[in-house]
Amino acid sequence: MNVKRRPLHIFFVEHVFYPIMIAIFIALSYTYSIKIAVRYSDIPPHQMGFIIMLVLMAITNICLYVFLPFSCYRLWLSANKYLSGPKKTIAKFYAGCLFVVLLCFCSLD
């Protein structure tokens, strides 16, 4: 895999900015999608809220279990390519620790 982003870009964009955007998306989706779905269906609001909550949890789990480990792998490769010295060690340590934590978290489910 040829990584073109530098490790700092990967960290700030994929590990900080994207989770913030996902949280905003989930909050807005949960707030407004229940109102829209109830208006156009015969399902009661509390049941529709439960269904939408399950869908949003599935989206969050997909991001957590698929996207974040892949991002850790990209961070590891980018650190090998662009960094040297202690910065490389710190970036690889962060990527490795986060990857192991995600694997342990995934194995609990």
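Colleague: What is the right way to look at the overall build of the protein in this model?
Modeller: The secondary structure content of the protein amounts to 3 helices and 0 strands. Ordered by position from the N terminus, the helices and strands of the protein form the series α-α-α. Against the 2.2 N^0.38 benchmark of 13 Å for 109 residues, the protein shows a C-alpha radius of gyration of 18 Å, more extended than a compact globule. Out of the 109 residues belonging to the protein, those deemed buried represent 20%.

Colleague: Where do I start with the packing of helix 1 (residues 7–39) against helix 2 (residues 45–82) in this structure?
Modeller: Interhelical geometry of helix 1 versus helix 2 gives an angle of 170° and a closest axis separation of 10 Å. Considered as vectors, helix 1 and helix 2 are oriented roughly antiparallel to each other. Counted by class, the contact of helix 1 with helix 2 contains 23 nonpolar, 7 polar and 2 charged residues.

Colleague: Mind showing me how you'd approach the pattern of salt bridges here?
Modeller: As a working rule, side chains carrying opposite charge can pair if their charged atoms are close by. Inspection of the entire model under this criterion finds 2 salt bridges. With a shortest N-O distance of 3.5 Å, arginine 5 and glutamate 14 are connected by a salt bridge. Put simply, glutamate 14 and arginine 74 hold a salt bridge, and the shortest N to O gap is 2.2 Å. Taken together, the residues span a long stretch of sequence, with glutamate 14 in helix 1 and arginine 74 in helix 2 at a distance of 60 residues. For arginine 74, a relative accessible area of 15% puts it in the buried group.

Colleague: What is the right way to read the side chain of glutamate 14 from this model?
Modeller: According to the relative accessible area criterion, glutamate 14 is buried, its value standing at 4%. In this structure the side chain of glutamate 14 is engaged in a polar contact, spanning 2.2 Å, whose partner is the side chain of arginine 74. Sequence-distant contacts of glutamate 14, that is, excluding residues within four places in its chain, are made with Arg5, His9, Pro19, Phe67, Leu68, Ser71 and Arg74.

Conventions adopted
Note that residues are indexed from 1 along each chain, following the sequence as it is written. Local features in a predicted model are, by the rule used here, given only for residues with pLDDT of at least 70; side-chain atom pairs are given and counted only at 80 or more, and totals for whole chains, interfaces and linings are based on all residues. Side-chain descriptors were evaluated using all non-hydrogen atoms of the structure, hydrogens and water having been removed beforehand. Per the convention used, a helix needs a DSSP run of H or I reaching at least four residues, while a strand needs a run of E reaching at least two, with both numbered from the N terminus. Only C-alpha atoms enter the radius of gyration; for comparison, a globular chain is expected to reach 2.2 Å times N to the power 0.38, where N is the number of residues. Working definition: with a 1.4 Å probe on protein chains only, accessible area under 20% of the residue-type maximum means buried, over 50% means exposed, and in between means partly exposed. Lines fitted to C-alpha atoms define the axes, with helix axes restricted to the stretch in contact, and inter-axis angles between N-to-C directions lie between 0 and 180 degrees. Any angle between 65 and 115 degrees counts as roughly perpendicular, while under 35 counts as roughly parallel, over 145 as roughly antiparallel, and the rest as oblique. Residue classes follow a fixed rule: Ala, Val, Leu, Ile, Met, Phe, Trp, Tyr, Cys and Pro count as nonpolar, while Asp, Glu, Lys and Arg count as charged, and any other residue, Gly among them, counts as polar. In the sections that follow, a salt bridge refers to a side-chain nitrogen of Lys or Arg positioned within 4 Å of a carboxyl oxygen of Asp or Glu. A 3.5 Å cut-off defines polar contacts: any pair of N or O atoms within that distance qualifies, except that in protein one atom must be a possible hydrogen donor and the other a possible acceptor, and neighbouring residues in sequence count only when both atoms are side-chain atoms. When checking whether two residues touch, look at their non-hydrogen atoms; a contact exists if any pair is within 4.5 Å.

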